Number of protein chains: 2
Amino acid sequence: MIEFEYYNPTRIIFGKDTVPQTGPAARAYGKKALFIYGRRSIKETGLYDRVMTSLKNAGLEIVEHPGVKANPLLSHARAGVELAKKEKVGVIVAVGGGSVIDEAKAIAAGTVTDTDIWDFFEFRAEIQDALPLVTLLTICGSGSEMNNGMVLTNEESQAKFGLRALPLYPKVSILDPTVTFTVPPDQTAYGAVDAFSHVFEAYMAREDLDTPIQEGIMETLMKTVVARAPQAVQDPRNYNARADLMWASSLALSGITFSGGGPLALPCHMIEHALSAIYDMAHGEGLAIIMPGWMRYMSNEKRGVMKRFAQRVFGVNTLEEGIETLEKWLEYVKCPVRLSQVNIGEGEIPKLTQNAYQLAQVWELSDFYAPEVIKEILRLCL
Amino acid sequence: MIEFEYYNPTRIIFGKDTVPQTGPAARAYGKKALFIYGRRSIKETGLYDRVMTSLKNAGLEIVEHPGVKANPLLSHARAGVELAKKEKVGVIVAVGGGSVIDEAKAIAAGTVTDTDIWDFFEFRAEIQDALPLVTLLTICGSGSEMNNGMVLTNEESQAKFGLRALPLYPKVSILDPTVTFTVPPDQTAYGAVDAFSHVFEAYMAREDLDTPIQEGIMETLMKTVVARAPQAVQDPRNYNARADLMWASSLALSGITFSGGGPLALPCHMIEHALSAIYDMAHGEGLAIIMPGWMRYMSNEKRGVMKRFAQRVFGVNTLEEGIETLEKWLEYVKCPVRLSQVNIGEGEIPKLTQNAYQLAQVWELSDFYAPEVIKEILRLCL
């Protein structure tokens, strides 16, 4: 086992009918809350009203910052920082999926400093502190509700960057699987693919480690997502399916899977970020396209771990069958598995490569992931 | 999945040569430390000197409270509280196994209040606060380094009671597998059995839950302990074996295994506590005797889960083979599996039953575990 530090102080409140706990959880950290959410869905489903009732009943003053986009934008986060500073809020309440929670983290960090938040993403400054954050998860996948990472897109430079910092752990995250009953099939699938990919990338990062605990936990999470995603897609009110997808997503990036396995590299994410930064497609959708192509490219380099993956996660014998079964599963939950299916042709590859390589440098993956390597992986995704 | 709260804020520092981090970790919480440890072993192995150096280098004033026994005693913990109050220590450093860490938790809780600590164990008072605690683990098994539980023996009433409370999570736990290279084979085995039992009891508590995440994690941990314990017993300096036993022990009671599975019942522990309270035997030794007998008694009631356990953990087909294989494994690591092997005869059963039933009432298990049930389980352990 590789040496590691594991620290995850987020309090999880998991179960049916936990939405009313949002207000009291937030009130423990402040009197005035910045309430961050997305665009339409929480109003359409009635969740907005339930959260407002809970916040008001807990005696909180509420400042709203709606309109977070699916790939949250720097400009919108900056506006949130300005609002939070002006209104002197003491706590942030994020109701949404990974995008809302990520933007909430950026605002939480930006509000307590004069540093511009993009400086954190380009590692020109370090996050020392943040406002307390309470989240209520509405779409599973990113795991942001139980980790200290965030991703933001700078729309000027088309850069989609991510970072981790200790003060970014939510204080409390409320996970009510019934809230996700209304998530449409495509978004359910994309979220599941995102969660799967977090475990997949951690699993693939390590070739020869004799670490049965981490392997077993990761195989369990991947198998669970593989089994549950189709159930949730086909039967949106299947509680056990929704609950397992939710908890698997949260655990996937909580640290428990990769502690002891050395540094976590996310090459599929790195390449996918270029896709969703440029084309504004769903992150999980992009990952569904990249993962099989990446596997094909790396299949010599990572023969052992990929074969084990094929056998233990999908119950097939060979690496090649593993890739095939992964693709079949992705197609079964109606994800694209080729760039051509989302109308991206070979002509786009140089632009995508350039964008992904930029992130490879920031994430210190560029030694291996040179432009020609990224290009070749993208070609295998066509 | 059953609703749950998961919260575990202990920071884990895991790996070779992490002992020198003890001082800086403690210094972050106070200037004066109560240094708690056991009897001989940390002086014999040189660990005492390494810890003292680290504490001194970090600029800490040190007050020592040595002499914690294998089943820590209330009187010794009370003396620690008195010392900590008199010396006005700001942080507690526990270097040892579960006994040392448990007593350190009791002292941490007792120092910040006028309540006598035994009142907490009999639920006459609630723990509201505790001194910060930094632990350095020397014997794996109890999981106390990464949870908020503690067990203490009241030598006057021969009661061995346990409780959990939020302020009892260690702030930092330092897990250096090389520190356990010197743990003798018997204690290595008892610790492994203790860790195994924590997962085993959580696994057995739930018959019909459709919770693949928790099941998979628990099966992984049990399989790991089953594979690694003999390796560590036979080759004490096997790093991977020691590391996996250490991390499996910590995760076993960290909350990650039983969150979502409903309340955690520990009937084997309940009965074992009577054994180690009265006969001062090692906790893991007692558990090795109780678990197979408990399985035989419960084999009708819990057919489904016990069969699954047999198949997935031991790779055998039937419940009966599962019990047999468990016993063989326990014998292979040189644990007793019958009361007769530790010279406890049928005549002792009434006394043991009475003691265990006392705890059954405190733990609210007495509806099922009536005296005649406990008696019958003990008879199956003869």
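This one's a predicted model, so the numbers in the text were calculated from it and none came from an experiment.

## Things to note about the overall build of chain A
1) Next: Check the secondary structure of chain A and you find 15 helices and eight strands.
2) Next: Here the C-alpha atoms of chain A give a radius of gyration of 20 Å, agreeing with the 21 Å that 2.2 N^0.38 yields for 382 residues.
3) Next: Taking the principal axes of its C-alpha atoms as reference, chain A extends roughly 60 × 45 × 45 Å.
4) Next: Put simply, 78% of the contacts in chain A that link residues at least 6 apart link residues at least 24 apart.

## Focus on the packing of helix H12 (residues 303-314) of chain A against helix H13 (residues 319-332) of chain A
Residue and element names in this part refer to chain A.
1) Next: One way to put it is that H12 packs onto H13 with a least axis distance of 8 Å and a crossing angle of 50°. Between H12 and H13, the angle is such that the two are oblique. Two packed elements cross with a definite hand, and for H12 against H13 that hand is left-handed. Contact with H12, carried on its side by Arg303, Met306, Lys307, Ala310 and Phe314, involves Leu319, Glu320, Gly322, Thr325, Leu326 and Trp329 of H13 and no other residues of that element.
2) Next: Classifying every residue of the contact of H12 with H13 by side-chain character gives six nonpolar, two polar and three charged.

## Observations regarding the nonpolar core
1) Next: In this structure, Phe196(A) and Phe196(B) are the most contacted members of the largest nonpolar core, which totals 245 residues.
2) Next: Look past the residues within four positions of Phe196(A) in its chain and what remains in contact with it is Met222(A), Val225(A), Val226(A), Met291(A), Phe309(A), Val313(A), Phe314(A), Leu326(A) and Trp329(A).

## Topic: empty space enclosed by the protein
Residues and elements named next belong to chain B.
1) Next: Using the criterion set out here, one finds three cavities of 30 Å³ or more in the structure.
2) Next: Along the walls of the largest cavity sit Ile139, Cys140, Thr180, Val183, Gln187, Thr188, Gly191, Ala192, Arg242, Leu245 and Ser249, which together make up its complete lining.
3) Next: Put simply, the parts of the chain that give the lining of the largest cavity at least two residues each are helix H7 (185-204) and helix H9 (239-252).
4) Next: Of the residues forming the lining of the largest cavity, the biggest block, four residues, is contributed by H7.

## A closer look at the domain arrangement of chain A
Residues and elements named next belong to chain A.
1) Next: Assigned domains of chain A: these are domain 1 (11-178) and domain 2 (184-379).
2) Next: The distance between the C-alpha centroids of domain 1 and domain 2 comes to 25 Å.
3) Next: At the interface, 28 residues of domain 1 touch 30 residues of domain 2.
4) Next: In total, about 2400 Å² of surface goes out of reach between domain 1 and domain 2, with carbon and sulfur atoms giving 61% of it.
5) Next: Counting across the interface, domain 1 meets domain 2 through one salt bridge.
6) Next: Measuring nitrogen to oxygen at the nearest pair gives 3.9 Å for the salt bridge that ties Glu272 to Lys160.
7) Next: Where domain 1 meets domain 2, there are eight residue pairs in polar contact (both at pLDDT 80 or more).
8) Next: The element best represented in the side of domain 1 that touches domain 2 is strand S7 (residues 159-164), accounting for five residues.
9) Next: Each residue belonging to the side of domain 1 that touches domain 2 can be placed in one class, and the counts come to 13 nonpolar, nine polar and six charged.

## Thoughts on unusual backbone geometry
The phi angle of most residues is negative, glycine excepted, and most peptide bonds adopt the trans form.
1) Next: A positive phi angle, near 50°, is found at Lys88(A), a position not held by glycine.
2) Next: Within the element layout of this structure, Lys88(A) appears in the loop between helix H4 (74-87) and strand S4 (91-96).

## Here's the deal with the confidence of the model for chain A
1) Next: Summing up the model confidence of chain A, the mean pLDDT is 96 and the portion of residues at 70 or higher is 100%.
2) Next: Both scores are given for the predicted complex: the pTM is 0.96, the ipTM 0.95.

## Focus: the sheet that holds strand S1 (residues 4-14) of chain A
1) Next: Pairing is mixed in the open sheet, where 12 strands are placed in the order S3(A)-S2(A)-S4(A)-S5(A)-S8(A)-S1(A)-S1(B)-S8(B)-S5(B)-S4(B)-S2(B)-S3(B). Each edge of the sheet is formed by a strand with only one pairing partner; in this case those strands are strand S3 (61-65) of chain A together with strand S3 (61-65) of chain B. Here the average twist between neighbouring strands, direction ignored, is 25°.
2) Next: Pairing of strand S2 (residues 32-37) of chain B with strand S4 (residues 91-96) of chain B, which is carried by five bridges, proceeds in the parallel orientation. What sits directly across from Ile36(B), in S4(B), is Ala94(B).
3) Next: Across the sheet, H9(B) touches S1 of chain A together with strand S1 (4-14), strand S5 (133-137) and strand S8 (172-175) of chain B, and the angle it forms with S1(B) is around 150°.

## Some words on the packing of aromatic side chains
Residue and element names in this part refer to chain A.
1) Next: Under the counting rule described, the total for this entry stands at 36 aromatic pairs over all chains.
2) Next: Ring plane angle 15° and centroid distance 5.8 Å describe the contact between Phe35 and Tyr48, whose orientation is recorded as stacked. Of this pair, Phe35 sits in strand S2 (residues 32-37) while Tyr48 is found in helix H3 (residues 47-57), placing the two residues 13 residues apart along the sequence.
3) Next: Following the ring pairs from residue to residue traces out a cluster consisting of Phe196, Phe200, Tyr203, Trp294, Phe309, Phe314 and Trp329.
4) Next: Lys43 extends its terminal NZ or CZ atom over the ring of Tyr48, reaching a point 4.5 Å from the ring centre.

## So, the relation of the copies chain B and chain A
1) Next: The transform that puts chain B on chain A rotates by 180° and translates by 0.0 Å along the axis, for an RMSD of 0.0 Å. What we have between these two chains is a two-fold relation. The C-alpha atom lying nearest the rotation axis in chain B is that of Pro9(B); the distance is 2.1 Å.
2) Next: Taken as a fraction of all interface residues of chain B, those also at the interface in chain A reach 100%, which identifies the copy contact as same-surface.

## A look at the pairing of S1(B)
Moving residue by residue along a regular strand, the side chains alternate between the two faces of the sheet.
1) Next: With eight of 11 residues buried, S1(B) lies mostly within the body of the structure.
2) Next: Examined bridge by bridge, S1(A) and S1(B) share seven bridges and lie antiparallel to one another. Along S1(B), the bridge assignment pairs Phe14(A) with Phe4(B).
3) Next: For S1(B) and S8(B), the ladder comprises four bridges, and the chain directions are parallel. Within S8(B), the residue paired with Ile13(B) across the bridge is Ile174(B).

## Side note on the pattern of salt bridges
1) Next: Counted under the stated rule, the structure contains 37 salt bridges over all chains.
2) Next: The partner of Glu215(B) in a salt bridge is Arg308(B), and the shortest N-O contact between them spans 3.4 Å. Here Glu215(B), found in helix H8 (residues 212-234), pairs with Arg308(B), found in helix H12 (residues 303-314); they are 93 residues apart in sequence, far enough to count as distant. For the pair shown, Glu215(B) and Arg308(B) are each scored as buried.
3) Next: Where Glu348(B) meets Lys351(B), a salt bridge forms, and the shortest distance between an N and an O atom there is 3.4 Å.
4) Next: Judged by its relative accessible area of 25%, Glu348(B) is partly exposed.
5) Next: Take Lys351(B): its relative accessible area is 40%, and that puts it in the partly exposed class.
6) Next: Shared partners join several salt bridges into a network, and the residues in it are Glu215(A), Glu219(A), Arg308(A) and Arg312(A).

## Regarding the environment of Thr10(B)
1) Next: Within the secondary structure layout, Thr10(B) lies in strand S1.
2) Next: In this structure the C-alpha to C-alpha distance between Thr10(B) and Leu133(B), which are 123 residues apart in sequence, comes to 9.8 Å.
3) Next: Setting aside chain neighbours within four positions, we find Thr10(B) in contact with Tyr6(A), Tyr7(A), Glu145(B), Met146(B), Tyr169(B), Pro170(B), Lys171(B), Val172(B) and Ser173(B).
4) Next: A distance of 2.8 Å separates the side chain of Thr10(B) from the backbone oxygen of Pro170(B), its partner in a polar contact.

## Quick look at the pairing of strand S6 (residues 149-154) of chain B
All names here are of chain B.
1) Next: Summarising burial for S6: five of the six residues are buried, a large majority.
2) Next: Here S6 pairs with strand S7 (residues 159-164) via six bridges, running antiparallel. Among the inter-strand pairings, Val151 is bridged to a residue of S7, identified as Gly162.
3) Next: In textbook terms, the turn of a hairpin is the stretch between consecutive antiparallel strands, and for S6 and S7 this stretch comprises four residues, one of which, Gln158, has a positive phi near 50°.

## Details of H7(B)
1) Next: Helix length check: H7(B) (20 residues) gives 28 Å between terminal C-alpha atoms against 28 Å at 1.5 Å per residue, within 8%.
2) Next: With 17 of 20 residues buried, H7(B) is to be regarded as a mostly interior element.

Cut-offs applied
- Residues numbered from 1 in each chain as written.
- Chains lettered and ligands numbered in written order.
- Predicted model: local features only at pLDDT ≥ 70, side-chain atom pairs only at ≥ 80, totals over all residues.
- Heavy atoms only, no water.
- Helix = DSSP H or I, 4+ residues; strand = E, 2+ residues; numbered from the N terminus.
- Rg over C-alpha atoms; globule rule 2.2 N^0.38 Å.
- Contact = heavy atoms within 4.5 Å.
- Axes fitted to C-alpha atoms, helices over the stretch in contact; angles between N-to-C directions.
- Parallel < 35°, antiparallel > 145°, perpendicular 65-115°, else oblique.
- Left-handed = near helix turned anticlockwise from the far one by under 90°.
- Nonpolar A, V, L, I, M, F, W, Y, C, P; charged D, E, K, R; others polar.
- Core = buried A, V, L, I, M, F, W, Y, C linked by side-chain atoms within 4.5 Å.
- Buried < 20%, exposed > 50% of the residue type's maximum accessible area, 1.4 Å probe, protein only.
- 1 Å grid on protein atoms, 1.4 Å probe; cavity = no way out; pocket = protein on both sides within 12 Å on 5 of 7 lines; lining within 4 Å.
- Points joined across faces, edges and corners; volume = space filled by probe spheres on them.
- Domains from an automatic or database assignment.
- Buried area = accessible area lost by both parts, 1.4 Å probe.
- Salt bridge = Lys/Arg side-chain N within 4 Å of Asp/Glu carboxyl O.
- Polar contact = N/O pair within 3.5 Å; in protein donor to acceptor, adjacent residues only side chain to side chain.
- pLDDT = per-residue confidence, 0-100.
- Pairing = 2+ DSSP bridges.
- Phe/Tyr/Trp six-rings, centres within 6.5 Å; stacked < 30°, edge-to-face > 60°.
- Lys NZ or Arg CZ within 6 Å of the ring centre and 35° of its normal.
- Least-squares fit on C-alpha atoms with pLDDT ≥ 70 in both.
- Expected span 1.5 Å × (residues − 1).

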